[in-house]
Amino acid sequence: MSNVLYTGKTHTTGGREGAARSNDGRLDIQLSSPGGSGNGTNPEQLFAAGWSACFIGAMGLVAGKMKLALPADLYVDAEVDLKNDDSGYFLAARLHVSLPGLDSGMARAIVDGAHQACPYSKLTRNNIDVEIHLI
């Protein structure tokens, strides 16, 4: 049995050329198609931001279990591709993770553990092509 820890709620109108607002008002954004002339963000950017933030949190959990401190200047650059082929539209993604000051073995263990623990990584596993690069 699982416990619901949080439910994000949004109301979206107009699709890729619309707007999205959270029920608490903390998110209130205009949307526009990737590469379009609109001033808003797009679902791929939102997904990249959410996943990279969640991944950093998962790295913190993994590092804590390893009794390691994460570097203060760590970052994750996320890239989410909107692609298409004969079967239709689909996503692919890359995470570029920087853990300066950690040796490569420890950094790789943290990244691998975070990819197993992060809810966004679980969501994408076996559903889209994902590459994770340690930089």
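Residues numbered from 1 in each chain as written. Predicted model: local features only at pLDDT ≥ 70, side-chain atom pairs only at ≥ 80, totals over all residues. Heavy atoms only, no water.

A.B. asks: Could you give an account of the pairing of strand β4 (residues 75–85), naming the residues involved and the relevant values?
C.D. replies: Bridging between β4 and strand β5 (residues 88–98) involves eleven bridges; their strand directions are antiparallel. What sits directly across from Val-76, in β5, is Val-97. Counted along the chain from β4 to the antiparallel partner β5, the turn is two residues long. (Pairing = 2+ DSSP bridges. Helix = DSSP H or I, 4+ residues; strand = E, 2+ residues; numbered from the N terminus.)

A.B. asks: Now, about the pattern of salt bridges: what can you tell me, with residues and values included?
C.D. replies: Opposite charge on two side chains lets them pair, provided their charged atoms get close. Taken as a whole, this structure holds six salt bridges when the rule is applied. Notably, a salt bridge pairs Glu-44 with Arg-16, separated by 2.6 Å at the nearest N-O pair. Of this pair, Glu-44 sits in helix α1 (residues 43–65) while Arg-16 sits in the loop between β1 (10–13) and β2 (19–22); the two residues are 28 residues apart in sequence, bridging distant segments of the chain. With a relative accessible area of 9%, Glu-44 lands in the buried category. The class for Arg-16 is partly exposed, based on a relative accessible area of 31%. A salt bridge links Arg-94 to Asp-81, with the shortest nitrogen-to-oxygen separation between them at 2.6 Å. Here Arg-94, found in strand β5, pairs with Asp-81, found in strand β4; they are 13 residues apart in sequence, far enough to count as distant. (Salt bridge = Lys/Arg side-chain N within 4 Å of Asp/Glu carboxyl O. Buried < 20%, exposed > 50% of the residue type's maximum accessible area, 1.4 Å probe, protein only.)

A.B. asks: Report on the sheet that holds β5, specifying residues and quantitative values.
C.D. replies: Taken in spatial order, the three strands line up as β4-β5-β6 in an open sheet, and their pairing is mixed. Because the sheet does not close on itself, it has two edges, and the strands there are β4 and β6 (129–134). Each strand axis lies, on average, 15° off the axis of its neighbour in the sheet, ignoring direction. Packing against the sheet, α1 makes contact with β4, β5 and β6, and its axis sits at approximately 140° to β4. Packing against the sheet, helix α2 (residues 104–117) makes contact with β5 and β6, and its axis sits at approximately 155° to β6. (Axes fitted to C-alpha atoms, helices over the stretch in contact; angles between N-to-C directions. Contact = heavy atoms within 4.5 Å.)

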